[in-house]
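# Residue-level structure breakdown
Read off the chains here:
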Amino acid sequence: MTPVISPGLSRRIGDARAIVAFTGAGVSAESGVPTFRGTDGIWSKLKPEELASMNAFMKNPSMVWEWYAHRKKIMSGIAPNPGHFALARMEKLAPSFAVITQNIDGLHRRAGSRTVYELHGNIERNYCMKCGTPYGDDFVVAANGVPLCPACGGLVRPDVVWFGETLPEDEWDASVRAAEGADLFMSIGTSAVVYPAASLPLVAKRSGAYLLEINPEPTPLTAQADEYLQGASGVFLPLLAGAMEAARRLPHSHR
Ligand code: OAD
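Once a new chain begins, its residue numbering starts again from 1 and follows that chain's sequence as written. In keeping with the predicted nature of the model, local features appear solely for residues at pLDDT of at least 70, side-chain atom pairs appear and are counted solely at 80 or more, and the whole-chain, interface and lining totals rest on all residues. To obtain the side-chain values, all non-hydrogen atoms of the structure were included, while hydrogens and water were left out.

### Brief notes about the sheet that holds strand 6 (residues 156-160)
If DSSP finds at least two bridges between two strands, the strands pair. Only DSSP runs of H or I reaching four residues or more are called helices, and only runs of E reaching two or more are called strands; each is numbered from the N terminus. With respect to topology, three strands assemble into an open sheet ordered 5-4-6, the strand pairing being antiparallel. Sheet topology places strand 5 (134-135) and strand 6 at the edges, where each strand pairs with a single neighbour. By the bridge criterion, four bridges tie strand 4 (residues 121-128) to strand 6 in an arrangement that is antiparallel. Along strand 6, the bridge assignment pairs Y127 with R157. Any two residues whose heavy atoms approach within 4.5 Å at even a single point are treated as in contact. Only C-alpha atoms enter the line fits that serve as axes; for helices the fit covers just the stretch in contact. Angles between N-to-C directions range over 0 to 180 degrees. In the packing of helix 6 (residues 61-76) onto the sheet, the strands contacted are strand 4 and strand 6, and the crossing angle to strand 4 comes to about 135°.

### Details of the site of the ligand
Here, proximity means that at least one heavy atom of the residue falls within 4 Å of the molecule or strand. The full set close to the ligand counts 22 residues, and F36, R37, T190, S191 and N215 are the nearest of them. Contacts to the ligand include A25, whose backbone N or O atom sits 2.8 Å from an oxygen atom. N or O atoms within 3.5 Å of each other form a polar contact, as long as, within protein, one can give a hydrogen and the other can take it, and as long as residues adjacent in sequence are counted only when both atoms are side-chain atoms. The side chain of H120 places a nitrogen or oxygen atom 2.7 Å from an oxygen atom of the ligand. Protein chains shield 89% of the accessible area of the ligand, which is 800 Å² for the free molecule. Counting residues per element, the shell around the ligand draws most heavily on helix 2 (residues 25-29), at three residues. Among the residues making up the shell around the ligand, the classes are represented as nine nonpolar, 10 polar and three charged. For the shell around the ligand, the domains that each give at least three residues are domain 1 (1-33 + 80-120 + 166-255) and domain 2 (35-77 + 125-160). All accessible areas in this document rest on Shrake-Rupley with a 1.4 Å probe, and a residue is counted as covered only by the protein chains that are shown. The nonpolar class holds Ala, Val, Leu, Ile, Met, Phe, Trp, Tyr, Cys and Pro. Asp, Glu, Lys and Arg form the charged class, and all remaining residues, Gly among them, are polar. Note that domain bounds follow an automatic or database assignment of domains.

### What to know about the domain arrangement of the chain
Reports often express the size of an interface as the amount of accessible area lost when the parts come together. In terms of domains, the chain is made up of domain 1 (1-33 + 80-120 + 166-255) and domain 2 (35-77 + 125-160). Here the C-alpha centre of domain 2 lies 29 Å away from the C-alpha centre of domain 1. On the side of domain 2, nine residues touch domain 1, which itself brings 13 residues to the contact. As used here, buried area is the combined drop in accessible area, with a 1.4 Å probe, of two parts when they are placed together. Both sides of the domain 1 and domain 2 interface together cover about 780 Å² of buried area, and 65% of this is carbon and sulfur. By definition here, a salt bridge exists when the distance from a side-chain nitrogen of Lys or Arg to a carboxyl oxygen of Asp or Glu is within 4 Å. Inspection of the domain 1/domain 2 interface yields one salt bridge. In this structure, the salt-bridge partner of R125 is E118, at a minimum N-O distance of 3.5 Å. Counting across the interface, domain 1 meets domain 2 through one residue pair in polar contact (both at pLDDT 80 or more). By residue number, the principal contributor to the side of domain 1 that touches domain 2 is helix 2, which donates three residues. Looking at side-chain class alone, the side of domain 1 that touches domain 2 contains six nonpolar, four polar and three charged residues.

### Some remarks on unusual backbone geometry
The amide bond that connects Y195 to the next residue, P196, takes the cis arrangement and shows omega of 10°. With respect to the element layout, P196 can be found in the loop between strand 7 (184-188) and helix 11 (200-206). Of note in this structure, N144 is not a glycine but carries a positive phi near 50°. Structurally, N144 can be placed in the loop between helix 9 (137-143) and strand 6. Buried residues are those whose accessible area, probed at 1.4 Å on protein chains only, stays under 20% of the maximum for their type, while exposed residues exceed 50% and partly exposed ones sit between those limits. On the basis of relative accessible area, N144 is assigned to the exposed category, the value being 70%.

### Some details on the packing of helix 1 (residues 7-15) against helix 12 (residues 233-249)
Here helix 1 crosses helix 12 at 65°, and the two axes come no closer than 8 Å. Comparing their axes, helix 12 and helix 1 come out roughly perpendicular. Crossing geometry of helix 1 relative to helix 12 is assigned as right-handed. Contacts between helix 1 and helix 12 involve L9, S10, I13, G14 and D15 from the first element and L240, A243, M244, A247 and R248 from the second. Of the residues that constitute the contact of helix 1 with helix 12, the class distribution is six nonpolar, two polar and two charged. Geometric relationships in this document are graded by angle, where less than 35 degrees denotes roughly parallel, more than 145 denotes roughly antiparallel, 65 to 115 denotes roughly perpendicular, and other angles denote oblique. Helix crossings fall into two classes, left-handed where the near helix is turned counterclockwise from the far one by less than a right angle and right-handed where it is turned clockwise.

### With respect to the pairing of strand 2 (residues 96-101)
Successive residues of a regular strand alternate their side chains across the two faces of the sheet. In terms of residue burial, strand 2 counts as a mostly covered element, since five of its six residues are buried. As paired strands, strand 1 (residues 18-23) and strand 2 are joined by six bridges and run parallel to one another. From the neighbouring strand, V20 faces strand 2, where its bridge partner is A98. Across three bridges, the pairing between strand 2 and strand 3 (residues 116-118) is parallel. Looking at strand 3, one finds that V99 is bridged to V116.

### Side note on the pattern of salt bridges
Scanning the entire structure with this criterion turns up seven salt bridges. D159 is paired through a salt bridge with R125; the nearest N and O atoms lie 3.0 Å apart. One end of the pair, D159, is in strand 6; the other, R125, is in strand 4, and 34 residues separate them in sequence. According to the relative accessible area criterion, D159 is partly exposed, its value standing at 23%.

Spelled out as structure tokens, the structure:
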């Protein structure tokens, strides 16, 4: 069946004043980044608590760094897909538009999105756990193993949120404010099971937003969604961006 956007949704996206796109690993799947859950997901083969936690890092920093070096390599060889580009197009048209992402791959910014809240950090950044000095990937690659801070000798770690850690406060506060102020909130390519991020669609809905979900598979959020588009973000987001562009070209009386 050819995917379509209903006239009602086209009107809604054309009229929305404040739009939030809440994204997860599924949005980057079409760029070649593996998702976490599902039969082929990363967490079906590896245990998160053995790789993505402070405990794991303190126990075996070289194993954790090996894994992140592998992920950094995947991320450096990828490019944004039509879903990322569609969100950047939408931002240009809406009076207020924010991307809240759980992804650490930086693809939203690379596609041109400007207001992006990265709730789980960014794999391109690193910092010293002891003195906080930030380091880029060139430094980490040159270290070829566990990078140590030249300033203080502390362990350098990737700037991503690990299990059991709190989210970056500024990004979280801005995300909650955006969710509370949204009139259209889109939950896209996320299994919506990792909290506190997964509470944002519900915050938005409670505050009066229309909740739209895009995902090939239903999630625990689907029953709460006002509308569910079953399919890939790289298919539906360009359709939504097109609908938004068409609606905003036409005066209200012609819609
Ligand atoms: P998941 O792997 O849990 O979920 C990915 C979702 O994307 C699934 O619901 C898929 O059905 C959907 N999906 C797959 N292909 C898609 C496509 N082409 N278009 C749209 N959707 C598609 O990933 P997240 O929900 O992002 O946390 O996971 C949340 C967090 O769990 C991650 O940020 C990470 C992980 O542990 C940390 O690292 C802290």
